[in-house]
Amino acid sequence: MTIAGPIDSPMRNGNLTAHTPATAFQPDSDVAQRAAALKRVPDDKAMLRAVAELTRDLGAPNPRIFWSDFMASAFLGYAGLAVSILSGNLWLQCVAALISVLALYRAGGFIHEVSHVKHSALPGFRFGFNAVIGVPLLVPSYMYEGIHNLHHARTRYGTDQDPEYLPLALMKPWTLPLFIFASLFAPFALLFRNAVLAPLSLFIPALRKIVVERYSGLAINPAFRRRPAEGEAHRNWIIQETAASIWSIVLLGGVFSGYIPMNAFLIFLAIVSSVAVLNQVRTLVAHLWENDGEPLSVTAQFLDSVNVPPPGLLASIWAPVGLRYHALHHLLPSVPYHALGEAHRRLTAQLAPDSAYHRANYDGLAGLITRLTRSTFVRGA
């Protein structure tokens, strides 16, 4: 999983060994060199065993933590939304809107847990998420379930078959601002998808194929095409999609009829857009994005991912619900978000200082964005 042992010569017979120096993965190295080095990183089976042994008791989700965290975040988010709509004080509206964005962003982050958790261990949580956040904010969980697990597939990560990966560090400088700018329009696109495209696609098979393949997943890879779901997953998809379509039509109908004030609708869209932008910024630093499309070892996937552990506090805001341990999550995808902090503490305490585990830890958002931006100017200009 990680690279351990003393640091000596990085190359042996033209390949990276388990003694690859940390500088091969540092921001000051040329991005092309880092990308080439990443593809040659072997799996450390001893480290994989150690990670499994140190965390084997952390796999069970705690329903009390899940429900209380999720519901408190959703309540605070909707309360902030209500105040921002109803208050006549501009400053109070702005503060309430900020609280709403951060709280709904955290509540929305539970879609990631829904895609990983064993639903028998958290009965009703998928329904609760979709009823409280997924459908009202137009991101029902079927749009992530069946998508996100592909990102964790050993042979898909970082390839054109990975719905959640783009080699952003190797792309043109204008890619990053466009990546962020596009997220501003997420609620408009989702409204159109659910209120117009989904109902029409029921009567136009060719359109349905396009809607399923291209407009039914929270993916960032434009080349990815989703396959239709089957069995229980298909039933969940249809129920959630129908609910989202009905809600979108009712919402737009209320606005056009004057029942819902335009001002309230615009504030709602602004808050949902802000949530989408914040999530897109967080996505920018979830990985280093330095793979050019070839399959990687699990250890290499880990090194291409990012932890932003304590003592910094801001990461708990912009990377909530365990997302500050994104690299660790790639090692332990079945460990619930509330246990990742403990897993990180154990691994940090037990693994040697020269372990590759420590090389996936970063200080904060600004440094990661600077690194990524610098890479695009060096490589993509």
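So, here's what we can say about the structure. (Residues numbered from 1 in each chain as written. Predicted model: local features only at pLDDT ≥ 70, side-chain atom pairs only at ≥ 80, totals over all residues. Heavy atoms only, no water.)

Quick look at the overall build of the protein chain
Note the cut-off: Segments assigned H or I by DSSP are reported as helices when at least four residues long, segments assigned E as strands when at least two residues long, and all are numbered from the N terminus. Each radius of gyration reported is based on C-alpha atoms, and the globular scaling rule is 2.2 Å times the count of residues to the power 0.38. Only protein chains enter the accessibility calculation, which uses a 1.4 Å probe; a residue is then buried when its area is under 20% of its type maximum, exposed when over 50%, and partly exposed in between. Note that accessible areas follow from Shrake-Rupley with a 1.4 Å probe, and for residues the cover is restricted to the protein chains shown. Charge counting follows a simple rule: Lys and Arg are positive, Asp and Glu are negative, and His as well as the terminal groups are ignored. Every charge is mapped to an atom, namely NZ of Lys, CZ of Arg, CG of Asp or CD of Glu.
Scanning the protein chain from terminus to terminus reveals 17 helices and 2 strands. Its C-alpha atoms give the protein chain a radius of gyration of 22 Å, within 12% of the compact-globule value 21 Å for 381 residues. The buried share of the protein chain, reckoned over its 381 residues, is 50%. As presented, the protein chain carries roughly 17800 Å² of accessible surface, and 66% of it is formed by carbon and sulfur atoms. Here the protein chain carries 30 positive and 24 negative side-chain charges, and the mean point of each set is 3 Å from the other.

Topic: the side chain of Asn130
Under the convention used in this document: Identification of polar contacts relies on pairs of N or O atoms within 3.5 Å, with a donor-acceptor requirement for protein atoms, meaning one able to donate a hydrogen and the other able to accept it, and with residues adjacent in sequence counted only if both atoms are side-chain atoms. We call two residues contacting when some pair of their heavy atoms lies within 4.5 Å.
Take Asn130: it is sitting in helix H6 (residues 125-134). Judged by relative accessible area, which is 7%, Asn130 ranks as buried. Here Arg126 takes part through its backbone oxygen, which lies 2.9 Å from a polar atom of the side chain of Asn130. Filtering out sequence-adjacent residues up to four positions away, Asn130 remains in contact with Val135, Pro136, Pro140, Ser141 and Gln240.

Focus on the pattern of salt bridges
Cut-off, in case you're wondering: Throughout this description, the term salt bridge denotes a Lys or Arg side-chain nitrogen within 4 Å of a carboxyl oxygen of Asp or Glu.
Inspection of the entire model under this criterion finds 12 salt bridges. For Asp69, the salt bridge goes to Arg106, with nearest N and O atoms at 2.8 Å. A residue pair is termed long-range when its members are at least 10 positions apart, and Asp69 in helix H3 (residues 63-86) and Arg106 in helix H4 (residues 90-108) qualify at 37 residues. In this structure Asp69 comes out as buried when scored by relative accessible area, which is 16%. You can call Arg106 partly exposed: its relative accessible area is 24%. As a salt-bridge pair, Glu342 and Arg345 come within 3.3 Å of each other at their nearest N and O atoms.

Regarding the side chain of Arg371
Among the structural elements, Arg371 can be located in helix H17 (residues 365-379). Of the polar contacts made by the side chain of Arg371, one reaches the side chain of Glu290; its length is 3.0 Å.

Structural notes on the packing of aromatic side chains
The following threshold applies: Two aromatic rings, drawn from Phe, Tyr or Trp (for Trp, its six-membered ring), form a pair once their centres lie within 6.5 Å of each other, and the interplanar angle then sorts them: stacked below 30 degrees, edge-to-face above 60, tilted otherwise.
Scanning the model with the defined rule gives 15 aromatic pairs in all. Seen from their ring centres, Phe181 and Phe185 are 5.2 Å apart, and the 75° between their planes marks the pair as edge-to-face. Residue classification places Phe185 among the partly exposed residues on the basis of a relative accessible area of 42%. Put simply, the rings of Phe66, Trp67, Phe70, Phe110, Phe125, Phe129 and Tyr337 pair up and form one aromatic cluster.

Topic: unusual backbone geometry
Trans is the common state for peptide bonds, and a negative phi is the common state for residues other than glycine. Of the consecutive residues Pro310 and Pro311, the connecting peptide bond is found in the cis state with omega at 20°. Structurally, the position occupied by Pro311 is in the loop between helix H13 (298-303) and helix H14 (315-318). One non-glycine residue, Leu138, lies in positive phi territory at about 70°. Mapping Leu138 onto the fold places it in the loop between H6 and helix H7 (148-151).

Quick word on the packing of helix H8 (residues 175-183) against helix H12 (residues 262-284)
For clarity, the threshold we go by: Axis angles are defined between N-to-C directions and span 0 to 180 degrees, where every axis is a line fitted to C-alpha atoms and, for a helix, only to the segment in contact. Oblique is the label for any angle not under 35 degrees, not over 145, and not in the 65 to 115 range, which are roughly parallel, roughly antiparallel and roughly perpendicular in turn. Left-handed describes a crossing whose near helix is turned anticlockwise from the far helix through less than a right angle; right-handed describes the clockwise counterpart. Each residue gets one label: Ala, Val, Leu, Ile, Met, Phe, Trp, Tyr, Cys and Pro are nonpolar, Asp, Glu, Lys and Arg are charged, and the others, such as Gly, are polar.
Two elements in contact, H8 and H12, have axes separated by 8 Å at closest approach and are oriented at 150°. What the angle tells us is that H8 and H12 run roughly antiparallel. In this structure, H8 crosses over H12, and the sense of that crossing is right-handed. Contacts between H8 and H12 involve Leu176, Phe179, Ile180 and Ser183 from the first element and Ser273, Ala276, Val277, Gln280, Val281, Thr283 and Leu284 from the second. When the residues that make up the contact of H8 with H12 are grouped by side-chain class, the tally is 7 nonpolar, 4 polar and no charged.

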